[in-house]
Amino acid sequence: MEAKINALREQMEAALAAVHSQEELAAFWQSYLGKKGSIAGLMKELGAVAKEDRPAMGKVINQFKVYAEERYQQVREEMDKQELAARNQSEQVDITMPAVKRPVGSLHPITIVKDQMIDVFAGMGFEIYEGPEIEDDDHNFTRLNVAKNHPARDMQDTFYVAEDIVLRTHTSPGQIRVMDAEKPPIKVLVPGRVFRSDSDATHSPMFHQMEGLVVDKKITLCDLQGMLDQFVKKIFGDGVKTRLRPSYFPFTEPSVEVDVSCFECGGKGCGLCKGTGWIEVLGGGIVHHKVLENCGIDPNEYSGLAFGIGIERIAMLKYGINNIGLLYENDLRFLKQFKD
Ligand code: PHE
């Protein structure tokens, strides 16, 4: 028996020396230490040994088993160590290499200016309302006092989606929607995309407007000028002055264009203000009594002011952008200049 064990020990050492993978190690365990392995086989042969020799023989076999298990464990640990070392080696990183830089995005200039505008008006207590971009003729024109065949429709070259359905030509239909839904006092801002069949260096078929509407008792043109004066000072600087010029919109009466004193030359006259010292920035006026009536608001009790600001126009003036197309081409060389 002992000779057999010695032979098995040698055989086992040779087998262990040949183990180079986890699979081979598992196979080794099966064939020596498994249920049907050689050592279990020795235990079975114990039955054939003389009764008095059995305990001593059993002890020898057990010792061999413990020894085999230890050897198995040693080889396993050694193998784990080698595998870890190999992995560390293959996954080694050179920390002196320059890192891969992830470019950080930035807000689009339209978004920056829109957010600034909202901030200014939110500070005056305006709430935000957003209406649909596809509008019916009624909201976009008729209830704003622009009847069918009214020559004022020519002011806005319209995209028709279907009979009486248009891509909104301005954010003013938002006025109607808000007045339909709420009773005065009303103080809302309607930012959004608008569409006109118009395209040159300063016009685009899609652009953004910010509508303002205030309806309350005793609202006057002074309130309009005061609010817009605050607005332009916040956007273009404290030194900028405002002036109102008479204008015409069917939905306001009186109607005004708002000019700001040229922030480039301080009013002396330059290329930006075309020598006049003033730059036109937006339109507005006192809400026409017919528009209030169209929304069930009594014009004898309430009055309103409204204004519409072109967001692109403000952004182009503020940043000195001379071609509106640059705002839509998504050229990174352009966009990168607007990190806040
Ligand atoms: N809706 C007008 C436009 O797009 C601007 C405007 C808004 C004028 C509100 C007066 C009052 O040209």
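Please refer to the structure higher up on the page.
In this report, the structure presented in the accompanying data block is examined.

Cut-offs and rules
- Residues numbered from 1 in each chain as written.
- Predicted model: local features only at pLDDT ≥ 70, side-chain atom pairs only at ≥ 80, totals over all residues.
- Heavy atoms only, no water.
- Helix = DSSP H or I, 4+ residues; strand = E, 2+ residues; numbered from the N terminus.
- Rg over C-alpha atoms; globule rule 2.2 N^0.38 Å.
- Buried < 20%, exposed > 50% of the residue type's maximum accessible area, 1.4 Å probe, protein only.
- Contact = heavy atoms within 4.5 Å.
- Lys, Arg positive; Asp, Glu negative; His and termini not counted.
- Charge placed at Lys NZ, Arg CZ, Asp CG, Glu CD.
- Near = heavy atom within 4 Å.
- Polar contact = N/O pair within 3.5 Å; in protein donor to acceptor, adjacent residues only side chain to side chain.
- Nonpolar A, V, L, I, M, F, W, Y, C, P; charged D, E, K, R; others polar.
- Expected span 1.5 Å × (residues − 1).
- Pairing = 2+ DSSP bridges.
- Salt bridge = Lys/Arg side-chain N within 4 Å of Asp/Glu carboxyl O.
- Axes fitted to C-alpha atoms, helices over the stretch in contact; angles between N-to-C directions.

Here's the deal with the overall build of the chain
Stage number 1. Scanning the chain from terminus to terminus reveals eleven helices and ten strands.
Stage number 2. The globule rule puts the C-alpha radius of gyration for 340 residues at 20 Å, and the 42 Å found for the chain is more than 25% above it.
Stage number 3. Each of the three principal axes of the chain carries a C-alpha extent, and together these read 125 × 45 × 35 Å.
Stage number 4. Burial analysis of the chain (340 residues in total) assigns 41% to the buried set.
Stage number 5. Across the chain, every contact between residues at least 6 apart in sequence was considered, and the portion connecting residues at least 24 apart equals 65%.
Stage number 6. Between the mean site of the 40 positive side-chain charges and the mean site of the 50 negative ones, the chain shows a separation of 5 Å.

Side note on the side chain of Arg 143
Stage number 1. Along the chain, Arg 143 falls in the loop between helix H6 (137–140) and strand S3 (160–162).
Stage number 2. Beyond its immediate chain neighbours, meaning those up to four positions away, Arg 143 contacts Asp 138, Ile 176, Asp 180, Val 291, Asn 294 and Cys 295.

Notes on unusual backbone geometry
Stage number 1. The residue after Pro 184, namely Pro 185, is reached through a cis peptide bond having omega 5 degrees.
Stage number 2. For the bond running from Glu 253 to Pro 254, omega is 0 degrees, close enough to zero to count as cis.
Stage number 3. The phi dihedral of Asn 330 falls on the positive side, at around 55 degrees, and the residue is not glycine.
Stage number 4. Here Asn 330 is to be found in the loop between helix H10 (311–319) and helix H11 (332–335).

With respect to the site of the ligand
Stage number 1. In the region of the ligand, 15 residues are neighbours, and His 170, Ser 172, Arg 196, Gln 209 and Glu 211 sit closest.
Stage number 2. The contact in question runs from a nitrogen atom of the ligand to an N or O atom on the side chain of His 170, over 2.9 Å.
Stage number 3. When residues in the shell around the ligand are grouped by element, the largest group, three residues, is from strand S10 (residues 303–310).
Stage number 4. By residue class, the composition of the shell around the ligand is four nonpolar, nine polar and two charged.

Focus: helix H5 (residues 109–122)
Stage number 1. In a regular helix each residue adds 1.5 Å, so 14 residues correspond to 20 Å; H5 covers 20 Å between its end C-alpha atoms and thus fits that length.
Stage number 2. All buried positions along H5 are accounted for by Pro 109, Ile 110, Ile 112, Val 113, Met 117, Ile 118, Val 120 and Phe 121.

Let's talk about the pairing of strand S9 (residues 278–287)
Stage number 1. Counting buried residues in S9 gives eight out of ten residues, a clear majority hidden from the surface.
Stage number 2. Bridge count for S9 against S10 is five bridges, and the pairing is antiparallel. Paired with Gly 285 across the bridge in S10 is Ala 306.

What to know about the pattern of salt bridges
Stage number 1. Enumeration over the complete set of coordinates arrives at 14 salt bridges.
Stage number 2. In this structure, Arg 71 engages Glu 13 in a salt bridge whose closest nitrogen and oxygen atoms are separated by 2.9 Å. With a gap of 58 residues between them, Arg 71 in helix H4 (residues 54–90) and Glu 13 in helix H1 (residues 2–17) connect regions that are remote in the sequence.
Stage number 3. Among the residues examined, Glu 13 registers a relative accessible area of 24% and is labelled partly exposed.
Stage number 4. Arg 333 is the salt-bridge partner of Asp 331, the closest N and O atoms lying 2.7 Å from each other.
Stage number 5. Residue classification places Arg 333 among the exposed positions, given a relative accessible area of 67%.
Stage number 6. Salt bridges linked by common partners bring Arg 243, Arg 245, Asp 259 and Glu 280 together as one network.

Some points on the environment of Thr 220
Stage number 1. Within the secondary structure, Thr 220 is located in the loop between strand S6 (206–216) and helix H8 (221–236).
Stage number 2. On the accessibility criterion, Thr 220 (36% relative accessible area) is partly exposed.
Stage number 3. Considering only alpha carbons, one finds Thr 220 and Gly 285, 65 residues apart in sequence, at a separation of 9.1 Å.
Stage number 4. Setting aside its immediate chain neighbours within four residues, Thr 220 contacts Ile 286 and Leu 305.
Stage number 5. A distance of 3.1 Å separates the side chain of Thr 220 from the backbone nitrogen of Cys 222, its partner in a polar contact.

Remarks on the sheet that holds strand S2 (residues 134–136)
Stage number 1. In space, the three strands of this open sheet follow the order S2-S4-S3, with antiparallel pairing throughout. What marks the edges here is a single partner per strand, and that holds for S2 and S3. For this sheet, the mean angle separating the axes of adjacent strands, direction not counted, is 35 degrees.
Stage number 2. Examined bridge by bridge, S3 and strand S4 (residues 165–167) share two bridges and lie antiparallel to one another. Residue Ala 162 lies in a different strand from S4, and its bridge partner there is Ile 165.

The quantities given are spatial measurements derived from coordinates; they are silent on function.
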